[in-house]
Amino acid sequence: MSSSSSSTSFTLALTRKIASHSSNLLDTFLEMDLSGTGTISRSDLALSVQSLFKISLTRAQLNALCSKFGAEGTRRVDYNRFVEVVRDLAVATPLTSASYGAGEDLART
């Protein structure tokens, strides 16, 4: 699997985990907004994924996740963008065992 498709698969699996964390995406968003600014910063994202899901993101994984959420320029994700991305990825794309690489078995953690 190429690095790009591995990052995409990882991002998809992690986004599904985020979506299933709580029945309310606002609650999940607020948990991930560690700085309490009403947005999720790049560091909030890395730290909250570690805290909530026990996953230490590599730089490439964090970059891919930030890119997916559109946070690479502003370095912040607002609530509307968070919901849009989580719903689009978590609902629209079926997750199969081929959707994540070895060591990235997020669907079963």
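Residues numbered from 1 in each chain as written. Predicted model: local features only at pLDDT ≥ 70, side-chain atom pairs only at ≥ 80, totals over all residues. Heavy atoms only, no water.

*Asks:* Give a detailed account of the packing of helix H3 (residues 42-53) against helix H4 (residues 59-69), specifying residues and quantitative values.
*Replies:* Closest axis-to-axis distance for the H3/H4 pair is 11 Å, and the angle between their directions is 120°. By the angle class used here, H3 and H4 are oblique. Once H3 is placed against H4, the crossing between them reads as right-handed. Seen from H3, the contacting residues are Arg-42, Leu-45, Ala-46 and Val-49; seen from H4, they are Arg-59, Leu-62, Asn-63, Leu-65 and Cys-66. (Axes fitted to C-alpha atoms, helices over the stretch in contact; angles between N-to-C directions. Helix = DSSP H or I, 4+ residues; strand = E, 2+ residues; numbered from the N terminus. Parallel < 35°, antiparallel > 145°, perpendicular 65-115°, else oblique. Left-handed = near helix turned anticlockwise from the far one by under 90°. Contact = heavy atoms within 4.5 Å.)

*Asks:* Talk me through the pattern of salt bridges; I want residue IDs and the actual numbers.
*Replies:* Close approach of charged atoms allows side chains with opposite charge to pair. In the structure shown here, the tally under the stated rule is 1 salt bridge. The shortest N-O distance in the salt bridge between Glu-84 and Arg-81 comes to 2.9 Å. With Glu-84 and Arg-81 both in helix H6 (residues 79-92) and 3 residues apart, this pair spans about one turn of that helix. Judged by relative accessible area, which is 40%, Glu-84 ranks as partly exposed. Note on Arg-81: relative accessible area 30%, which makes it partly exposed. (Salt bridge = Lys/Arg side-chain N within 4 Å of Asp/Glu carboxyl O. Buried < 20%, exposed > 50% of the residue type's maximum accessible area, 1.4 Å probe, protein only.)

*Asks:* Talk me through the environment of Arg-87; I want residue IDs and the actual numbers.
*Replies:* As for its placement among the helices and strands, Arg-87 is situated in helix H6. For Arg-87, a relative accessible area of 52% corresponds to the exposed category.

*Asks:* An account of unusual backbone geometry is requested, with residue identities and associated values reported.
*Replies:* One non-glycine residue, Lys-54, lies in the positive phi region at around 60°. Along the chain, the position of Lys-54 falls in the loop between H3 and H4.

*Asks:* Could you give an account of H4, with specific residues and numbers?
*Replies:* Among the residues of H4, Gln-61, Leu-62, Ala-64, Leu-65, Cys-66 and Phe-69 are the ones counted as buried. Following H4 by one or two positions, Gly-70 adopts a phi angle in the positive range, close to 75°.

*Asks:* Outline the nonpolar core, supporting the account with residue identities and numerical values.
*Replies:* Core analysis: the largest hydrophobic core is formed by 23 residues, its most contacted members being Leu-14, Leu-45, Val-49, Leu-57 and Phe-82. Considering each element in turn, this core owes the most residues, 5 residues, to H6. Ignoring sequence-local partners within four residues, the contact set of Phe-82 consists of Ile-18, Leu-25, Thr-28, Phe-29, Met-32, Ile-40, Phe-69 and Val-77. (Core = buried A, V, L, I, M, F, W, Y, C linked by side-chain atoms within 4.5 Å.)

*Asks:* Outline helix H2 (residues 25-32), listing residues and values.
*Replies:* Taken as a whole, H2 has its buried residues at Leu-25, Thr-28, Phe-29 and Met-32. Projection of H2 onto a plane perpendicular to its axis shows the buried side chains occupying an angular sector of 100°, all on one side. A distance of 2.8 Å separates the backbone nitrogen of Leu-26 from a side-chain oxygen at the start of H2, and that oxygen is part of Asn-24. (Arc of directions from axis to C-beta. Polar contact = N/O pair within 3.5 Å; in protein donor to acceptor, adjacent residues only side chain to side chain.)

*Asks:* Tell me about the packing of aromatic side chains, and name the residues and values.
*Replies:* Inspection of every chain in the model, using the stated rule, returns 3 aromatic pairs. Look at Phe-29 and Tyr-79: their rings are 5.4 Å apart centre to centre, the planes differ by 75°, and that puts the pair in the edge-to-face class. With Phe-29 in helix H2 and Tyr-79 in helix H6, this residue pair connects regions lying 50 residues apart in the sequence. What makes Phe-29 buried here is its relative accessible area of 2%. Summarising the aromatic geometry, the rings of Phe-69 and Phe-82 are spaced 5.9 Å apart at their centres and angled 10° between planes, so their arrangement reads as stacked. Taken as a pair, Phe-69 in helix H4 and Phe-82 in helix H6 lie far apart in primary sequence, 13 residues in all. Looking at Phe-82, the relative accessible area reads 1%, which means it is buried. (Phe/Tyr/Trp six-rings, centres within 6.5 Å; stacked < 30°, edge-to-face > 60°.)

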